[in-house]
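Structural overview
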Amino acid sequence: RRFGTDAPDLRFAMEIVDITISSPPEVEFTVTDQNGNPVLGLADGTVRAGFAKLVPGSADINGGLPYWQSYINRVAEGDAPDAVLATAIQATNDRDGTLEELGDGSYIYTFGTDVTNVTEPLAVAWEPDLTHRVVLEIRLDRDSGARVPMAPINPFLDFVPSGGAGTGASKTIADTNNCNACHFEFAEHGGPRKTVEYCVMCHNPGSIDPNTGESVDMAYMAHSIHMGSDRPVPYIVDGTDFTEVHYPQAQTYCETCHAASETHPDGDAWNEGASPGACGGCHADGLVAQNPDAVTGIPEYLFDHSVADV
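Note that the structure is predicted; figures quoted are calculated from it, not measured.

**Looking at the packing of aromatic side chains**
In total, this model carries 9 aromatic pairs according to the counting rule given. Plain terms: the ring middles of Tyr-71 and Trp-126 are 5.6 Å apart, the flat faces sit at 55° to each other, and that makes the pair tilted. You can see Tyr-71 sitting in the loop between strand S4 (67-70) and strand S5 (73-77) and its partner Trp-126 sitting in the loop between strand S8 (106-110) and strand S9 (132-138), a full 55 residues away along the chain.

**Observations regarding unusual backbone geometry**
With an omega of 10°, the peptide bond running from Ser-23 to Pro-24 counts as cis. Structurally, Pro-24 can be placed in the loop between strand S1 (13-21) and strand S2 (25-32). A cis amide bond links Glu-120 with the next residue in sequence, Pro-121, at an omega value of -10°. With phi around 45°, Ser-23 is a residue other than glycine that occupies positive phi space.

**A closer look at the pairing of S8**
Of all 5 residues that make up S8, 4 are buried, and the element is covered over most of its length. Across 5 bridges, the pairing between S2 and S8 is antiparallel. Within S8, the residue paired with Phe-29 across the bridge is Tyr-107. Relative to S8, strand S7 (residues 98-103) is paired through 5 bridges, and the arrangement is antiparallel.

**Quick word on the environment of Asp-238**
Along the chain, Asp-238 turns up in the loop between strand S11 (236-237) and strand S12 (240-241). Residues Asp-238 and Asp-79 lie 159 residues apart in sequence; the distance between their C-alpha atoms is 9.8 Å.

**A few points about the pattern of salt bridges**
Applying the stated criterion across every chain yields a total of 4 salt bridges. Here Lys-53 ties to Glu-127 by a salt bridge, and the two come within 2.7 Å at their closest N and O atoms. Of the two residues, Lys-53 is situated in strand S3 (residues 47-55) and Glu-127 in the loop between S8 and S9; the sequence distance between them amounts to 74 residues. For Lys-53, a relative accessible area of 5% corresponds to the buried category.

**Remarks on the sheet that holds strand S10 (residues 156-159)**
Whether parallel or antiparallel, the strands of a sheet pair through hydrogen bonds between backbone atoms. Sheet architecture is open: 4 strands sit in the order S4-S3-S9-S10, paired in antiparallel fashion. What marks the edges here is a single partner per strand, and that holds for S4 and S10. Going from strand to strand, the sheet's axes swing by 25° on average, the running direction of each strand aside. Two strands pair when backbone bridges link them, and S9 and S10 are joined in this way by 4 bridges, in the antiparallel orientation. Paired with His-132 across the two strands is Phe-159, which belongs to S10.

**Quick word on helix H3 (residues 218-227)**
For H3, the complete set of buried residues consists of Met-218, Tyr-220, Met-221, Ser-224, Ile-225 and Met-227. Buried-residue contacts for H3 involve helix H2 (196-202), helix H4 (276-280) and strand S13 (287-290). Following H3 by one or two positions, Gly-228 adopts a phi angle in the positive range, close to 50°.

**Examining the environment of Thr-110**
Tracing the sequence through the fold places Thr-110 in strand S8. Remark: the alpha-carbon pair of Thr-110 and Ala-49, spanning 61 residues in sequence, is separated by 9.6 Å. Contacts of Thr-110, omitting those with residues within four sequence positions, involve Pro-24, Pro-25, Glu-26, Gly-97 and Thr-98.

**Things to note about the state of the cysteines**
A complete count under the given rule lists 0 disulfides for this structure. Not part of a disulfide, Cys-179 finds its nearest cysteine sulfur in Cys-257, a span of 5.9 Å. Cysteine Cys-199 is unpaired, with the sulfur of Cys-179 as its nearest cysteine sulfur at 7.8 Å. What makes Cys-199 buried here is its relative accessible area of 12%.

The rules behind these values
- Residues numbered from 1 in each chain as written.
- Predicted model: local features only at pLDDT ≥ 70, side-chain atom pairs only at ≥ 80, totals over all residues.
- Heavy atoms only, no water.
- Phe/Tyr/Trp six-rings, centres within 6.5 Å; stacked < 30°, edge-to-face > 60°.
- Helix = DSSP H or I, 4+ residues; strand = E, 2+ residues; numbered from the N terminus.
- Buried < 20%, exposed > 50% of the residue type's maximum accessible area, 1.4 Å probe, protein only.
- Pairing = 2+ DSSP bridges.
- Salt bridge = Lys/Arg side-chain N within 4 Å of Asp/Glu carboxyl O.
- Axes fitted to C-alpha atoms, helices over the stretch in contact; angles between N-to-C directions.
- Contact = heavy atoms within 4.5 Å.
- Disulfide = S-S within 2.5 Å.

If you want it as structure tokens, here you go:
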């Protein structure tokens, strides 16, 4: 089946076959339709990719919990009249690579970013002994008027580039199926980003909204949004005020989103470790964010238990 303007409405399936770190990375993947037929003719610019390393936490970073650090970042400028920061760093995806079709629904996406030598806009050290993740999306044209297939569930691959055992750190916390129990299906940023495993590639502690100085880290952001009207301090990012959100149950039911399972063994990590940011998403009156970094915009996070609503 060839992808084109006459393609029927259906769901593509996408699978990562292999990755080669060849300055820059090359990711081999397959695309099939709902009947298992190969999808042919994907155009350049259709595929975007994320690439990050899982950094073990330390006492002074992320409350000792591991966190994702993207190798691909951008500078975001504060454009509001009362912007807290002139600029901040935000993780993003790779979209300037090249796509090679191998035939029979197989492709190779070659990154535009050499992840082994990242110096701009933020220097990110290449650490091949750490666990890394690559994730893909197919971005479909919704404005062309064509009947296009639904974007596939994002495939991802966790691996250690050096071939070793890694550091033992893992971060598989929230199962997308738990999210979809309420959201039905993620369809963020135009629809192609549908899994928690993809979301955390950009929504990690390294991404800050310059207008408000707020973090868009997944834990902090999700907790802040779900508190909604009950959050003691409004959560505002990218011009959106989430005060009007009304969570349909008590926010203390952490296990609704977080539960350990075979596929998500860190699902109950909330019961074992904490960070000022993760806790401060809900208990925002106790979170102290100060001294933002001049380059990244990331503040120092402290927690003042004397004022927190407990």
